[in-house]
Amino acid sequence: MSERICEHVVLDVEPAGKKVSISVDGKEIEAYEGEPILSALLAAGIRINRYTVKRREPRGLFCGIGQCSDCSMIVDGKANVRTCITPVRDGMVILTQDGLGSGKEAAS
Amino acid sequence: MSIAECGYLTYDELKECQTLPSDERFERGPVAVIECVQQIPCNPCEAACHFGAIKIGEPITTLPALDAEKCVGCGVCVSRCPGLAIFVVNKTYTKDTATVSFPYEYEPVPKEGEEKTAVNRMGEAVCSGKIVKVADPVSFDHTPVVTIEIPREYADEVRSIERG
Amino acid sequence: MSIRKADVLVIGAGPAGLSASIEAARLGADVIIVDLNMKPGGQLFKQIHKFFGSSAHHSGSRGIDIGRMLLDEAKDAGVTIWLKSTVIGIFPGKKVSIEREMDDGTSELVTLLPEEIVIATGASENVIRFKNWTTPGVMGAGAAQTMINVNHVRPGKRVVMLGSGNVGLIVSYQLMQAGCDVAALVEAAPKVGGYAVHAAKIRRAGVPILLRHTITEAVIGEDGTVSGAVIAEVDEHFKPIPGTEETIDCDVITLAAGLKPTMDLIKLAGCELTFDGVFGGYIPLHDENMETSVRGVFVAGDSTGVEEANTALDEGRIAGISAAVSLGLISGSDADERRDAIWERLDSLRMGPFGERRKKEKDHLIGLFHEEVKDQRAFA
């Protein structure tokens with residue numbers, strides 16, 4: 001079930017951007033152009049963005065404003081992209097980041 | 001228990017810190033009940049009242065005082081209070097029932113005619129009631145004011161409805 | 001790389017920065033405001049509740065609407081707004097390096113040479129640590145608030161909130177407005193920290209407020225994210241009492257443990273700091289014109305001590321006017337008249353059982369500035 005808010009007493013929650021598709025670990029999900037990548041992931045129920053270097057512990061949304069880097073992922077081949085402050089563009093290819101993002105994720 | 005300890009006040013505690021309408025005033029129809037009990041810097045209710053029934057003055061941390069004689073129970077202040085702390089109580093709705101009007105900013109907003117579970121200040125179910133009015137004009141700025149009809153004896157207790 | 005001049009550089013496009021830029025631009029200054037975010041407004045656009053304050057503070061309006069109004073005012077006043085622009089260096093002679101992301105995703109390095117700088121970088125959320133606190137699903141209350149109110153997506157279905165200050169109370173309420181359930185609000189202190197009216201709203205909605213309790217552990221579910229919160233009663237030293245643990249099912253734990261002023265750029269600019277418990281951490285010393293120990297560097301809003309949007313708006317106005325004085329755009333006496341009126345308003349906000357402490361502290365800090373800095377102000 002999507003976690004998008006469809007009705008709200010105070011807010012106009014109609015998506016502003018165009019509906020597009022992005023790929024996350026090889027799976028296509030729905031997103032809206034211009035929204036933070038992280039929003040589209042949460043809406044699709046994806047809550048793990050990366051695994052830590054040493055202990056391979058999962059990390060996800062923590063600060064939501066680009067300060068903590070817990071939501072970093074590999075976006076279009078570039079590692080350590082903070083998904084909470086990076087807007088969606090149609091056709092983006094996103095990978096869950098392993099450690100510092102050596103690029104092995106793309107091969108697997 | 002004080003409000004700082006548990007987040008709500010009993011009606012008796014409320015009476016100690018706010019000027020509530022007299023029993024005699026309640027017998028004469030709808031009137032505002034202001035449940036604002038801390039000196040916080042806030043005064044929109046004063047300007048909201050077209051009848052000059054709410055007075056704060058200076059400094060703006062003064063608690064609002066209701067002149068129940070000037071209050072007509074219109075409910076404009078209910079939507080304007082940023083703390084959602086004003087209610088309109090009408091103990092003369094029918095012989096046996098009263099109405100309570102309260103701000104309600106959750107989805108789904110109830111519809112007139114619906115039966116809902118009325119709750120007290122702690123969110124506990126008190127009784128069942130019928131929604132008799134839902135006012136949500138542009139001037140209320142997305143704070144619908146819902147009026148529920150309930151047995152008269154619960155008029156001082158009921159302050160909202162169960163969500164959903 | 002390009003070089004550009006400006007009369008005033010404002011860093012941070014929240015309530016303080018926007019109001020500073022509006023005041024300075026209206027007095028004729030060429031103002032650039034930079035912000036690292038995708039949208040301006042700072043945290044105003046996640047504040048969907050009606051604000052307290054007086055009519056001069058647009059009380060009764062929602063933060064989100066105040067944000068829209070400020071943006072319009074800034075544009076009308078001719079303020080240049082650079083978004084996705086991060087200040088990466090402040091060098092002697094007020095040289096400021098800015099990494100500016102362009103619409104096509106590339107970035108450009110700009111050296112800005114402003115006459116005056118206003119730093120309004122706001123604050124960041126404090127963290128409370130417990131077992132498994134790094135598990136996905138544990139997040140700042142502000143992060144959850146950004147998701148629901150700005151991005152319109154729920155971080156989960158059922159939330160346990162830690163902290164009963166105004167942020168904890170308000171975000172609990174707003175999570176329910178977004179369609180989440182709030183299973184409980186947990187507070188280690190023996191009393192609710194925030195305004196009673198905010199507490200009353202969530203109590204009416206049936207949210208239990210568990211005082212003298214804390215979270216001791218986030219339960220990790222099969223998918224590796226949060227599936228519950230272990231809570232426990234605490235003793236008078238805030239230590240969990242063994243045997244009182246209880247598990248609440250939830251998929252989100254939100255932390256509302258206060259905020260601390262964001263000091264990085266203020267430090268970089270060489271401003272003298274002091275530690276202040278009331279205002280949430282290290283803050284810059286400043287005078288009544290919001291000027292710091294470095295001439296031509298002004299501060300405003302939460303980065304001068306954590307308060308609220310209303311005080312940030314007013315401090316920003318003072319900083320903007322003061323920057324205009326330094327530029328010679330308004331006489332000192334005209335500026336004083338305006339600034340005095342704003343100080344009076346600020347005093348009215350810093351009253352009552354919640355505000356008094358901040359008023360006393362602010363007065364003390366300005367006194368401290370005059371004792372320690374005034375005559376030895378540095379030149380940037």
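Residues numbered from 1 in each chain as written. Chains lettered and ligands numbered in written order. Predicted model: local features only at pLDDT ≥ 70, side-chain atom pairs only at ≥ 80, totals over all residues.

### Details of the overall build of chain C
Applied cut-off: Secondary structure counts use DSSP, requiring at least four H or I residues in a row for a helix and at least two E residues in a row for a strand, with both numbered from the N terminus. Just to be clear, the radius of gyration here is over C-alpha atoms, and the globule rule we use is 2.2 Å times residues to the power 0.38. Whether a residue is buried, exposed or partly exposed follows from its count of other C-beta atoms within 10 Å of its own C-beta, namely 20 or more, 12 or fewer, or something in between, respectively; the C-beta atoms are built from the backbone.
Summing up its helical and strand segments, chain C has 9 helices and 21 strands in all. Its C-alpha radius of gyration of 22 Å places chain C within 12% of the 21 Å reference for a compact globule of 380 residues. For the C-alpha atoms alone, the extent of chain C along its principal axes is close to 65 × 50 × 35 Å. Counting every position in chain C, which comprises 380 residues, the buried fraction comes to 58%.

### Focus on the packing of helix α4 (residues 166–177) of chain C against helix α5 (residues 196–204) of chain C
Residue and element names in this part refer to chain C. Applicable threshold: Here an angle of 0 to 180 degrees is reported between the N-to-C directions of two axes, which are lines fitted to C-alpha atoms, with helices fitted over the stretch in contact. For a crossing to be left-handed, the near helix must be turned anticlockwise from the far one by less than a right angle; the clockwise case is right-handed. By the criterion used throughout, residues are in contact when their C-beta atoms, derived from the backbone, lie within 7 Å. Here the term charged refers only to Asp, Glu, Lys and Arg, the term nonpolar to Ala, Val, Leu, Ile, Met, Phe, Trp, Tyr, Cys and Pro, and the term polar to all other amino acids, Gly among them.
For the pair α4 and α5, the least separation of the axes is 9 Å and the interaxial angle reads 35 degrees. Remark: the crossing between α4 and α5 carries left-handed chirality. Touching N166, L169, I170, S172 and Y173 of α4 are H198, A199, K201 and I202, all from α5. Tallied by class, residues from the contact of α4 with α5 come to 5 nonpolar, 3 polar and 1 charged.

### Quick notes on the sheet that holds strand β12 (residues 213–220) of chain C
Residue and element names in this part refer to chain C. Quick note on the threshold: In this description, strands pair whenever DSSP reports at least two bridges between them.
The 3 strands are arranged β12-β13-β14 in an open sheet whose pairing can be described as antiparallel. Here the strands that pair on one side only, and so sit at the sheet edges, are β12 and β14 (246–249). Adjacent strand axes in the sheet meet at a mean angle of 30 degrees, parallel and antiparallel pairs treated alike. Inspection of the sheet shows strand β13 (residues 226–233) paired to β14 by 4 bridges, in the antiparallel sense. Bridging from a neighbouring strand, V230 pairs with T247 of β14.

### Quick word on the environment of A25 of chain C
All names here are of chain C. Among the secondary structure elements, A25 is positioned in helix α1 (residues 15–26). Under the C-beta neighbour-count criterion, A25 is labelled buried, with 26 such atoms within 10 Å. Sequence separation between A25 and D76 is 51 residues, and the spatial gap between their C-alpha atoms is 9.4 Å. With sequence-adjacent residues up to four places away left out, A25 is seen in contact with V31, A77, G78 and V79.

### Examining the environment of A118 of chain B
Residues and elements named next belong to chain B. Among the structural elements, A118 can be located in strand β6 (residues 115–119). Judged by local crowding, A118 falls into the buried class, with 24 C-beta atoms found within 10 Å. Aside from chain neighbours lying at most four places away, what touches A118 is V126, C127, S128, G129, I148, I150, Y154, V158 and I161.

### Notes on the interface of chain A and chain B
Contact residues are listed per partner, giving 4 residues for chain A and 6 residues for chain B. Its residues placed into classes, the side of chain A that touches chain B shows 2 nonpolar, 1 polar and 1 charged.

### A short note on the pairing of strand β1 (residues 19–24) of chain A
Residue and element names in this part refer to chain A. For β1 and strand β2 (residues 27–32), the ladder comprises 6 bridges, and the chain directions are antiparallel. Bridge assignment links V24 to a residue of β2, and that residue is K27. Here β1 folds back onto β2 in antiparallel fashion, the turn holding 2 residues, of which D25 has a positive phi close to 50 degrees. Sheet topology note: the β1/strand β7 (residues 93–95) ladder contains 2 bridges and is parallel. Within β7, the residue paired with S23 across the bridge is V93.

### Focus on the sheet that holds strand β4 (residues 58–59) of chain A
Residue and element names in this part refer to chain A. On the basis of which strands lie adjacent, the open sheet formed by 3 strands has the order β4-β3-β8 and mixed pairing. In this open sheet, the two strands that pair with only one neighbour each are β4 and β8 (97–98). Here strand β3 (residues 50–51) runs beside β4; their pairing, made up of 2 bridges, is antiparallel. Each bridged residue has a counterpart across the sheet, and for Y51 the counterpart in β4 is P58.

### Comments concerning the pairing of strand β6 (residues 107–119) of chain C
All names here are of chain C. The pairing of strand β1 (residues 2–11) with β6 spans 9 bridges and is classified as parallel. Note that in β6 the partner of K5 across the bridge is L113. Relative to β6, strand β5 (residues 95–101) runs antiparallel, the two sharing 6 bridges. The partner of E99 across the bridge, within β6, is L109. Where β5 hands over to β6, the hairpin turn is made up of 5 residues, of which G105 adopts a positive phi near 95 degrees.

### What to know about the interface of chain C and chain B
With 33 residues of chain C at the interface, the matching set in chain B holds 34 residues. For the side of chain C that touches chain B, the secondary structure elements donating two or more residues are α4, α5, β11 (209–211), α8 (332–349) and α9 (352–372) of chain C.

### A look at the packing of helix α3 (residues 141–149) of chain C against α4 of chain C
Residue and element names in this part refer to chain C. Applied cut-off: Orientation is classified from the angle alone, with under 35 degrees giving roughly parallel, over 145 giving roughly antiparallel, 65 to 115 giving roughly perpendicular, and any other angle giving oblique.
Across the interface, α3 lies against α4 with an axial gap of 10 Å and an inter-helix angle of 30 degrees. Here α4 runs roughly parallel to α3, going by the angle between their axes. Relative to α4, the crossing made by α3 is left-handed. Contacts from A141, G142, A144, Q145, I148 and N149 of α3 reach α4 at V167, G168, V171, Q174 and L175.

### Remarks on α4 of chain C
Residue and element names in this part refer to chain C. The condition that has to hold: For a helix, the expected span equals 1.5 Å multiplied by the number of residues minus one.
Between its terminal C-alpha atoms α4 stretches 16 Å, which fits the 16 Å expected from 12 residues at 1.5 Å a residue. For α4, the complete set of buried residues consists of V167, G168, L169, I170, V171, S172, Y173, Q174, L175, M176 and Q177. For α4, the secondary structure elements touched by its buried residues are α3, β9 (158–162), β10 (181–187), α5 and β15 (252–255). Note on α4: the residue one or two positions beyond its end, G179, has a positive phi of about 100 degrees.

### Details of the environment of G34 of chain A
All names here are of chain A. When you line up the elements, G34 lands in the loop between β2 and α1 (37–43). Along the sequence, G34 and I46 sit 12 residues apart, while their C-alpha atoms lie 19 Å from each other. Apart from residues no more than four positions distant in its own chain, G34 is found in contact with A16, G17, P87 and V88.

### Looking at the domain arrangement of chain C
Residue and element names in this part refer to chain C. Stated formally: Here the limits of each domain have been adopted from an automatic or database domain assignment.
We note that the domain assignment places domain 1 (2–124 + 259–379) and domain 2 (127–255) within chain C. Distance between the C-alpha centres of domain 1 and domain 2: 32 Å. Each side of the interface is counted separately: domain 1 has 4 residues, and domain 2 has 6 residues. Here the side of domain 1 that touches domain 2 is composed, by residue class, of 2 nonpolar, 1 polar and 1 charged.

### Structural notes on unusual backbone geometry
With omega at -10 degrees, the peptide bond leading from E58 of chain B into P59 of chain B counts as cis. Summarising the element assignment, P59 of chain B is placed in the loop between β2 (54–55) and β3 (65–66). The omega angle of the peptide bond from E107 of chain B to P108 of chain B is -10 degrees, so this bond is cis rather than trans. With respect to the secondary-structure elements, P108 of chain B resides in the loop between β5 (97–103) and β6. If you check the backbone angles, R212 of chain C has positive phi at about 55 degrees while not being a glycine. Counting through the fold element by element, R212 of chain C comes out in the loop between β11 and β12. For R212 of chain C, a count of 18 C-beta atoms within 10 Å translates into the label partly exposed.

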